[in-house]
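Fold and geometry: a report
Okay, here's what each chain looks like letter by letter:
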Amino acid sequence: MGDRLVVSETAGTAQESGVPHVPGGRLRRRGVGILFVLPAALTLLAITIFPLIYELRLVFMSWELTTNAAPEFVGLQNLITVLFKDERFWTSMRVTATLIVLGVAIQLTLGTGLALLLNRLGRWRTGLVSLFLIPVMIAPVVAGFQFRMIYHDQFGPLNYLIEQVTFGRWHGLAWIANPKVALFSILMTDVWQWTPFLMLIVLAGLQSVPQELHEAAEVDGASPWQTFWRITLPLLLPVIIIGILIRAMDSFKLFDIIYLVTGGGPGNVTETISFYTYLQGFKFFSLGYTAAMAFIQLIVITVIAQVFLRFQKRGRGEI
Amino acid sequence: MRRMSSFQKILTVVVLVAALIFFMFPVVWMFLTSFKTEAEYFSYPPVFIPEDFSFRNYFNAMAFPPDGRGGLQGLRDSLIIASATTVVSVLIGSLAAYGLSRFRTGGENFSFWILSTRMFPPVAAALPLFLIFKEIKLLDSHLALIIANTVFSLPFVIWLLKGFFDELPLELEEAALIDGCSYWGAFARVSLPLVTPGLVATALFSFIFAWNEFMFALLLTRRNVRTLTIIVPSLVGGHEILWGEIAAIGTVAIIPGILLALLLQRYLVRGLTMGAVKG
């Protein structure tokens, strides 16, 4: 990590003066640019736009693979059912929102705390950061499996630990089967996996805060607490917001951990929107209905992504 | 900087050690479980350190399940899919990244469109891909997963590499062009070699994302293709959970991720934020 942190701007600074200057003129340069971009553009067109159009068509159809009925045009029926009649859809939205809000809040708090500690460390920092980052880099399904073992009510180390520290007075919980705590268990798995990500981002931000500012504040008699809230935090805000938005978009798609740890259960207390969509499409085979739900999610993600892009655009310059 | 009192120092160390245990424990627990016998992992109080570190779970897992399509096949399929996805994305993506960086083809909106495809919910992309692949008889093939993974890998590669190209000074390419180099030559002989570290980092990230991918592997394959991420939950399913074998497969599956976390230090911030934050 360098000493400088730049929240990147969309168009690189170098380009302001333009493209390399050569004979051939503007037209040719544009032509060359298109040649460079064309293969990727065509590929993306084929593998994203085309499937999306295909899916958009499905939104207006009723197509149940479980019956032999041919697909049939039903207009806005699917969207209306999802939005106004399907309670399970809204339950899954609520579960997802809970996981996003609580998850990001906990991850940000813990991550910031750790980053502040790590920032004061000397030569141990690099190594520790690498070790902390391991959860981020491993497959979520494997993380899910790890926690399934840890949460096991009979043989899991978590209940054993609880029993030891309470001197056998409390035997722990059925972390996965108990509907009151299952969502919490999912939340903790997500916290385990993604706290280091926010820690990393905040740490990168901290290292870009000029040391002189802190010294000046200290000379002026500010307490560490004041320095943090008045100087450090405001300077970190752009980075933190980007971190929050990335996490929000990812949590909105939470699926792997759910699939492995709880399977949406017990009942549907841990059923996220991604998981419910998966069930509709690949267990109940209601294709039109699934497409409708998929598009609603696409719209939500697009809104968050737009905010993210605005921030990237606006947050130019150095902090 | 403010000097830390010895109390603060101790507190810092205690908290960091606690955090280290918290973040490492699940991984270490799985690693230890991969060496345990059934009697050891189904025991109470739990056995922490297995009696002997034999590789029997690894051998079983690689041949498991008994129909001959075991962990070894998973390893092969994961390798094929993740490598091919990476090669395709980096080949096409580096060209596009250069085009976007140097010629600003399509302007800002085009770049943003590319970035936004990365943010799709995979479940929204899975349904149409499933139906299309079914139509053209591509389900349950390596190619299907390579295509599906490219949906997310390509925008990632383009966006990250564009950041690396943006940082190169223009003068070198200008000099090359004036000396009679073609645009292609300026790209291939001047710019590309200069972004090699970025290129390698990007490729490794792309590899690990495809390697860890689960939903497409679950929905677009049946029996012929089984990635490591598919084998883990498929073994968890039954009433008898083969923890030792799954832990062995899980341990194999996370090795690339761990190596990357250690190797890519410098690029982690960038890679994980798609270049939005440059550490």
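Residues take numbers from 1 onward in each chain, read along the sequence in its written order. Each chain is given a letter, starting from A, and each ligand a number, starting from 1, according to the order in which they appear as written. Local features in this predicted model are restricted to residues of pLDDT 70 or higher, and side-chain atom pairs are both shown and tallied only at a pLDDT of 80 or more, whereas totals for entire chains, interfaces and linings draw on every residue.

Notes on the overall build of chain B
To be explicit about the condition: Strands are runs of DSSP state E lasting at least 2 residues, helices are runs of H or I lasting at least 4, and numbering of each runs from the N terminus. Counting other C-beta atoms within 10 Å of a residue's own tells you its class, since 20 or more makes it buried, 12 or fewer makes it exposed, and anything in between is partly exposed; those C-beta atoms are placed from the backbone. Think of it this way: build a C-beta for each residue from its backbone, and any pair within 7 Å is a contact.
A count of helices and strands for chain B gives 14 helices and one strand. In terms of its C-alpha atoms, chain B occupies a principal-axis envelope of roughly 75 × 70 × 30 Å. When burial is assessed residue by residue, chain B has 53% of its 279 residues classed as buried. When contacts within chain B are restricted to residue pairs at least 6 apart in sequence, those whose partners lie at least 24 apart make up 75%.

Digging into the overall build of chain A
Of regular secondary structure, chain A possesses 13 helices and three strands. Looking at chain A as a whole, 41% of its 319 residues are labelled buried. Taking all contacts inside chain A whose residues are at least 6 apart in sequence as the whole, residues at least 24 apart take part in 73%.

Quick notes on the interface of chain B and chain A
Put simply, the rule is: Side-chain classes are defined by residue name, with Ala, Val, Leu, Ile, Met, Phe, Trp, Tyr, Cys and Pro counting as nonpolar, Asp, Glu, Lys and Arg as charged, and the others, Gly among them, as polar.
At the junction of the two partners, chain B supplies 95 residues and chain A supplies 96 residues. Of all the elements, helix α1 (residues 6-33) of chain B adds the most residues to the side of chain B that touches chain A, at 12 residues. The residue inventory of the side of chain B that touches chain A, partitioned by class, reads 66 nonpolar, 21 polar and eight charged.

What about the packing of helix α8 (residues 170-178) of chain B against helix α9 (residues 183-194) of chain B?
The description of two helices packed together rests on the angle between their axes and the distance between the axes. Residues and elements named next belong to chain B. Put simply, the rule reads: Axes here refer to lines fitted to C-alpha atoms; in helices the fit is confined to the stretch in contact. Angles between the N-to-C directions go from 0 to 180 degrees. We call two directions roughly parallel when the angle between them is under 35 degrees, roughly antiparallel when it is over 145, roughly perpendicular when it lies between 65 and 115, and oblique otherwise. Note on convention: near helix rotated counterclockwise from far helix by under a right angle means a left-handed crossing. Clockwise means right-handed.
Relative orientation of the contacting elements α8 and α9 amounts to 140°, with a least axis distance of 10 Å. With respect to each other, α8 and α9 are oriented oblique. Between α8 and α9 the crossing geometry is right-handed. Side by side, α8 and α9 meet where Leu172, Glu173, Ala176 and Leu177 of the first sit next to Gly185, Ala186, Val190 and Ser191 of the second.

Details of the nonpolar core
Nonpolar side chains in soluble globular proteins tend to be buried together. Rules: For this analysis, nonpolar core means a set of buried Ala, Val, Leu, Ile, Met, Phe, Trp, Tyr and Cys residues linked through C-beta atoms within 7 Å.
Counting 166 residues, the largest nonpolar core has A:Leu200, B:Ile158, B:Leu220 and B:Val232 as the members making the most contacts within it. Residue contributions to this core peak at 16 residues, all from helix α7 (residues 142-167) of chain B. Leave out the neighbours within four places in its chain, and B:Val232 touches A:Val141, A:Val142, A:Phe145, B:Ile246, B:Ile249, B:Gly250 and B:Ala253.

Some thoughts on unusual backbone geometry
Note that the residue after A:Gly265, namely A:Pro266, is joined by a cis bond; omega there is -10°. By the element assignment, A:Pro266 lies in the loop between α11 (256-261) and α12 (273-282). In this model, B:Tyr44 is joined to B:Pro45 through a cis peptide bond whose omega is -5°. Within the element layout of this structure, B:Pro45 appears in the loop between α2 (38-41) and α3 (56-63). If you check the backbone angles, A:Phe285 has positive phi at about 55° while not being a glycine. Mapped onto the elements, A:Phe285 comes out in the loop between α12 and α13 (287-314). Judged by C-beta crowding, with 14 C-beta atoms within 10 Å, A:Phe285 ranks as partly exposed.

Describing the environment of B:Ile246
Mapped onto the elements of the fold, B:Ile246 is located in helix α13 (residues 243-263). Measuring from C-alpha to C-alpha, the distance between B:Ile246 and B:Thr229 comes to 11 Å, with 17 residues separating the pair along the chain. If sequence neighbours within four positions are ignored, B:Ile246 has contacts with A:Phe145, B:Val232, B:Leu235 and B:Val236.

Some remarks on the packing of α3(B) against α13(B)
All names here are of chain B. Taken N-terminus to C-terminus, the directions of α3 and α13 make an angle of 80°; their axes are 8 Å apart at the nearest point. Relative to α13, α3 is oriented roughly perpendicular. Within the contact between the two elements, α3 uses Asn57, Tyr58, Asn60 and Ala61 and α13 uses Gly244, Glu245, Ala247, Ala248 and Ile249. Partitioning the contact of α3 with α13 into residue classes produces five nonpolar, three polar and one charged.

A word on the confidence of the model for chain A
Residue and element names in this part refer to chain A. The line we're drawing: The pLDDT score gives, residue by residue, the confidence of the prediction method on a 0 to 100 scale.
Of the residues in chain A, 88% reach a pLDDT of 70 or more, and the chain-wide mean stands at 84. When the criterion is pLDDT under 50, residues 1-17 qualifies, and its contacts beyond four places in sequence or with other chains add up to 45 contacts. Low confidence marks residues 23-27, where pLDDT is under 50. Its contacts with residues over four positions away, or in another chain, come to one contact.

Comments concerning α12(A)
Extensive coverage of α12(A) is indicated by the burial of eight of its 10 residues. Burial in α12(A) covers these residues: A:Ile273, A:Ser274, A:Phe275, A:Tyr276, A:Thr277, A:Tyr278, A:Gln280 and A:Gly281.

Looking at the confidence of the model for chain B
When pLDDT is averaged across chain B, the result is 87; 95% of the residues are at 70 or more. Predicted as a complex, the structure gets a pTM of 0.89 and an ipTM equal to 0.91.

Describing the environment of A:Ala222
All names here are of chain A. Its location among the elements puts Ala222 in the loop between α9 (211-219) and α10 (224-252). Taking the C-beta count within 10 Å as the criterion, Ala222 has 16 such neighbours and is therefore assigned partly exposed. For Ala222, the contacting residues outside a window of four places in its chain are Ala217 and Thr227.

Side note on α13(B)
All names here are of chain B. Spelled out, the test is: Helix span is expected to be 1.5 Å times the residue number reduced by one. A residue's bend is given by the angle between axes fitted to the 7 residues ending at it and the 7 residues starting at it.
Taking 1.5 Å of rise per residue, the 21 residues of α13 would be expected to cover 30 Å, and the 30 Å separating its terminal C-alpha atoms lies within 8% of that figure. Where α13 bends most, the angle comes to about 35°, and this point is Ile254, followed within four residues by the proline Pro256. For α13, the tally of buried residues reaches 16 of 21 residues, placing the bulk of the element in the interior.

Regarding the environment of B:Phe130
Residues and elements named next belong to chain B. Within the fold, Phe130 resides in helix α6 (residues 122-135). Sequence separation between Phe130 and Leu16 is 114 residues, and the spatial gap between their C-alpha atoms is 46 Å. In this structure Phe130 touches Leu219 and Leu220, once residues within four positions along its chain are discounted.

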